[in-house]
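# Residue-level structural notes
For reference, the chains in residue letters:
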Amino acid sequence: MSLMQEFTKGIVKENPLFRLVLGTCPALAVTTSVENGLGMGAAFTGVLLASNIVISLMRSIIPASVRIPAYVVIIASFVTMTDQLMHAFTPSLYKALGIFIPLIVVNCIILGRAEAFASRNSILPSIMDALGMGLGFTIALGLVSTFREVLGAGTFLGIQILPESVPAILMILPPGGFITLGCLLALLNKLQKKYAW
Amino acid sequence: MGDIIKLGLFLMLVAAVAGLGVGYVNIMAAPLIEKQILEEKIRSFKEVYPEGDNVKNETAKYLGVPDPILKEVNISYRSGIPVGVIYLAQTKGYSGAITILAGFDLVSGKIIAVKVLIQTETPGLGAKAKEPAFQNRYKEKDSVTELEVSKTPPTRENQIQAITASTITSKAVTKGVNAAREHFVATFGAAKQK
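What comes next is a walk through the structure. Here the structure is a predicted model, which means the values were calculated and not measured.

## So, the sheet that holds strand β5 (residues 111-118) of chain B
All names here are of chain B. What the five strands build is an open sheet, ordered β1-β2-β3-β4-β5; its pairing is antiparallel. In the strand order of this sheet, the two ends are held by β1 (54-57) and β5, each with one partner. Within this sheet the neighbouring strands show an average axis-to-axis angle of 25°, counted without direction. Bridge analysis of strand β4 (residues 97-105) against β5 gives six bridges, and the strand direction is antiparallel. When the sheet's bridge partners are listed, Thr99 is paired in β5 with Ile118. Contacts between helix α1 (residues 2-48) and the sheet are confined to β1, β2 (70-78), β3 (81-92), β4 and β5, with β5 contributing the most and set at about 150° to the helix.

So this is what it looks like as structure tokens:
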């Protein structure tokens, strides 16, 4: 596969949320508003990029039998550092994203990419893989949160676009997350059959 | 056996390097983070009581026994004279603790402003408590009468209109303000009369 394909596969064909159905827990929890969804996507992409680079560089020295604990330590360290650096140097960004940073530790996509990709590929493809997967996840979160915010709160990025009486509160509550994700998955499965990706 | 030791040592090495990295970042970031938190608190103090030029935490003096709701009593001074009281109160909301600041004026005995500091309420519903539209409903309320939450536009001076579909959150914030109000009247009520 070419570098470009490593990048684009994460966006549609192997989209982590819609095609691999990974990372559904943060995807359901934070998609109550578009701002939150995109923020989580950005923080996630940063950590995935760092962990993919380090794990790809260390792939020949990590013994196979203890690779998972080693990955977990590496990922958790990056998340902790990101959390502290953001809190110290970009307080306004931290205020918006702060609650999502610790959640990234348990994001299974990052461990999944470390195991399935970065531990078997050299650094350049790993970087492209991280960027593509990050973008794919961000787009997926953006899509889910757009439906939920518009239908549930009547706003888009905080701007009122529907009259006050229209929104269905259910959509920003947990059931709305499941309903939206379920409908989107069904729609994408249908499209996939039709166009045979 | 030899394998176990080798693997253990490898993991120890990974953890040690990671620990050093995190430790280094922490040493660098911790003082900055502390400064941010303090600045944020001072900014919030200014929001609920803009008049003073110096705020002192006098919780130990005014809150003898630990209170279930009130956590801090801060006195705001202007040119060395106490002019206002800022309470930090914590109550239980719909999905976790809600921390609020409430500022009272010592001269007029009125609530100057209320600010929701920390909350984890439902986004789009209870989380609206941190918006000025809700917080402004407490402005200039009298401290002597107990505040009530009403689901319809208020008809009496001591009523606070609830956030639509978030009565529990509205009541939790009001409970915190009421606790501060009671303590304020009981402790500083005499100061008002002179």
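Now that the structure has been shown, we can carry on.
## A few points about the nonpolar core
Ranked by internal contacts, the top residues of the largest apolar core, which has 42 residues, are Leu17, Phe18, Ile104, Ile110 and Leu181 of chain A. For Ile104 of chain A, the contacting residues outside a window of four places in its chain are Met40, Ala43, Phe44, Val47, Val79 and Ile110 of chain A. Judged by nonpolar contacts, the second largest core, of 30 residues, contains Ile75, Val114, Tyr138 and Ala172 of chain B.

## Thoughts on the pairing of β2 of chain B
Residue and element names in this part refer to chain B. Here β2 lies mainly inside the structure; seven of its nine residues are buried. Relative to β2, β1 is paired through four bridges, and the arrangement is antiparallel. From the neighbouring strand, Asn54 faces β2, where its bridge partner is Tyr77. As paired elements, β2 and β3 share eight bridges and run antiparallel to each other. Note that in β3 the partner of Ser76 across the bridge is Gly84. The antiparallel hairpin formed by β2 and β3 contains two residues in its connecting segment, where Ser79 sits at a positive phi of about 50°.

## Quick look at the interface of chain A and chain B
Contact with chain A, which involves 24 residues of that partner, is made by 22 residues of chain B. Both faces combined, the contact of chain A with chain B buries some 1900 Å², and carbon together with sulfur accounts for 81% of it. Considering only the side of chain A, the residues that lose the most area to chain B are Met81, Gln84 and His87 of chain A, jointly responsible for 24% of the buried surface there. Our count for the chain A to chain B interface comes out at zero salt bridges. Joining chain A to chain B, the criterion identifies two residue pairs in polar contact (both at pLDDT 80 or more). Elements that contribute at least two residues to the side of chain A that touches chain B include exactly α4 (67-89) and α5 (91-97) of chain A. Among the elements that take part in the side of chain A that touches chain B, α4 of chain A stands out by supplying twelve residues, more than any other. Residue composition of the side of chain A that touches chain B, grouped by class: 17 nonpolar, six polar and one charged.

About the thresholds
Residues numbered from 1 in each chain as written. Chains lettered and ligands numbered in written order. Predicted model: local features only at pLDDT ≥ 70, side-chain atom pairs only at ≥ 80, totals over all residues. Heavy atoms only, no water. Pairing = 2+ DSSP bridges. Helix = DSSP H or I, 4+ residues; strand = E, 2+ residues; numbered from the N terminus. Axes fitted to C-alpha atoms, helices over the stretch in contact; angles between N-to-C directions. Contact = heavy atoms within 4.5 Å. Core = buried A, V, L, I, M, F, W, Y, C linked by side-chain atoms within 4.5 Å. Buried < 20%, exposed > 50% of the residue type's maximum accessible area, 1.4 Å probe, protein only. Buried area = accessible area lost by both parts, 1.4 Å probe. Salt bridge = Lys/Arg side-chain N within 4 Å of Asp/Glu carboxyl O. Polar contact = N/O pair within 3.5 Å; in protein donor to acceptor, adjacent residues only side chain to side chain. Nonpolar A, V, L, I, M, F, W, Y, C, P; charged D, E, K, R; others polar.

So far we have only geometry, and geometry alone does not tell us how the molecule works.
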